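# Architecture and fold: a report
Here's the letter readout for the chains.
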Amino acid sequence: MKVAVLTGGGDCPGLNAVIRAIVRRASEHGFEMMGLRDGWKGLLDDNHFRLTRETTSGILHRGGTILGTSRVNPFKVENGLERVKRAIERNGIHAVIAIGGEGTLSAATRMSQEGLRIVGVPKTIDNDLNGTDFTFGFDTAVHIATEAVDRLHSTAESHKRVIVCEVMGRHVGWIATYAGIAGGADVILVPEIPADLEAVAQHLVRRNAGGRTFSIVVVAEGTRIKLSAEQNEQLVTTGALDEAGRPRLGGVGNIVAAEIERRTGFETRVSVLGHIQRGGAPTAHDRVLATRFGVHACDMVARGEFGKMAALRGNEIVSEELAEATRELKRVPEEFFKVAQVFFG
Ligand SMILES: Nc1ncnc2c1ncn2[C@@H]1O[C@H](COP(=O)(O)OP(=O)(O)O)[C@@H](O)[C@H]1O
Ligand SMILES: O=P(O)(O)OC[C@H]1O[C@](O)(COP(=O)(O)O)[C@@H](O)[C@@H]1O
Ligand SMILES: [Mg+2]
């Protein structure tokens, strides 16, 4: 039986660990494995290669994805679905394992509704996928961001400055909240709550008056900011669009830093972590989670459990409906964020 695997959306640490786990389990099931290049594009362009124990050996700890990735949406390409169906038929592919976030798995949900045999694996550093407690890649990103916040603390303290640290998070503030709590941030700004910069400035002035002469502000790149009472909240983008036609985010940290300096007079600096959070080796936690997801996904194919994805519930790996995983985004709950707020004083 031939099974194809693809990785879609932004890359994240642990993708290679999943691919390796799938291929190793597949050999026990007697599956022939095929790697699709660059996400759904690999099916549209019929671009793939054979995955074996040899071609996937030594990749467990490596960042990125040996399959390549893209944000190509098969439903936005002319005859996309037909082309995908034809490639599956022509190559005798029994099932497709799609490793991706809410975007890739939304396409997987629709394909599965069209009758294709699809199994999903949840990935994203953003941790915004519903239906699973955690995605792999998130832990690594949080470790990197926490180390950055720790390092910014010592220099901010020496110079008595405010330092703004911009982290990733398109729709949600999981990385910002976790790294902010772990690194002891004094303000955390997340996409779930539009940022009122006047309130932030007043808060920093109060901190300073209380003798705390430096502050760390963590801001997720998807945070909407409100510059004045008259203005609406807005996203900060680079002006360019990504491959999927969405605004490319980035730059909110610079605006927040400039506004803090202007409103408080405190010397302020900004650090944008960007893709450093997504590159390089996964943590041990992410390697283990990715490996468990990969083995489970392969077993789902063997059991004929299609239209579902591997998911983490507590410490169990379970099978969750793809439609449930993509029904809504998993945002940081208010109660969770309130824990971070205890330490903002
Ligand atoms: N609702 C949708 N239906 C079908 N395809 C989608 C949908 N949303 C996004 N996609 C496709 O999946 C791609 C990957 O999504 P993206 O958010 O970039 O990565 P991820 O899979 O990590 O969430 C998108 O660029 C788009 O081409
Ligand atoms: O620079 P890129 O590749 O366009 O991606 C930036 C986006 O990708 C992410 O890192 C991850 O998002 P996805 O998992 O949905 O791809 C976001 O935090 C960020 O907004
Ligand atoms: Mg996404």
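Because the structure is predicted, anything quoted here is derived from the model rather than measured.

## Examining the site of ligand 2
Around ligand 2 sit 14 residues, and of these Arg-71, Thr-124, Asp-126, Glu-221 and His-275 come closest. In this structure, Thr-124 approaches ligand 2 through a side-chain N or O atom, which is 2.7 Å from an oxygen atom. One of the side-chain N or O atoms of His-275 is found 2.7 Å from an oxygen atom in ligand 2. Protein coverage of the free-state accessible area of ligand 2, which is 480 Å², stands at 87%. Viewed by domain, the shell around ligand 2 spans two of them, domain 1 (2-137 + 282-326) and domain 2 (140-278), each represented by three or more residues.

## Remarks on the UniProt feature "binding site: ATP" (unreviewed entry) in the protein chain
Within this numbering scheme, the UniProt entry marks Gly-10, Arg-71, Val-72, Gly-101, Glu-102, Gly-103 and Thr-104 as carrying the feature "binding site: ATP" (unreviewed entry). Despite a sequence span of 95 residues, these residues sit close together in the fold, their greatest C-alpha distance being 13.5 Å. Looking at the element boundaries, Glu-102 is found in helix α4 (residues 102-113). What Glu-102 contacts, discounting residues up to four positions off in sequence, is Asp-128, Leu-129, His-171, Arg-246, Thr-326 and Leu-329. Relative to the assigned elements, Gly-103 resides in helix α4.

## Focus: the site of ligand 1
Around ligand 1 lies a shell of 17 residues, among which Arg-71, Asn-73, Glu-102, Thr-104 and Lys-123 are the nearest. At a separation of 2.7 Å, an oxygen atom of ligand 1 approaches a polar side-chain atom of Glu-102. For ligand 1, the protein covers 82% of the area, taking 550 Å² as the surface of the free molecule. Among the elements that take part in the shell around ligand 1, α4 stands out by supplying six residues, more than any other. A breakdown of the residues in the shell around ligand 1 according to their chemical character gives three nonpolar, nine polar and five charged.

About the criteria used
Residues numbered from 1 in each chain as written. Chains lettered and ligands numbered in written order. Predicted model: local features only at pLDDT ≥ 70, side-chain atom pairs only at ≥ 80, totals over all residues. Heavy atoms only, no water. Near = heavy atom within 4 Å. Polar contact = N/O pair within 3.5 Å; in protein donor to acceptor, adjacent residues only side chain to side chain. Areas by Shrake-Rupley, 256 points an atom, 1.4 Å probe, with all protein chains shown as cover. Domains from an automatic or database assignment. UniProt positions renumbered as here; feature names shortened; annotations may be inferred. Helix = DSSP H or I, 4+ residues; strand = E, 2+ residues; numbered from the N terminus. Contact = heavy atoms within 4.5 Å. Nonpolar A, V, L, I, M, F, W, Y, C, P; charged D, E, K, R; others polar.

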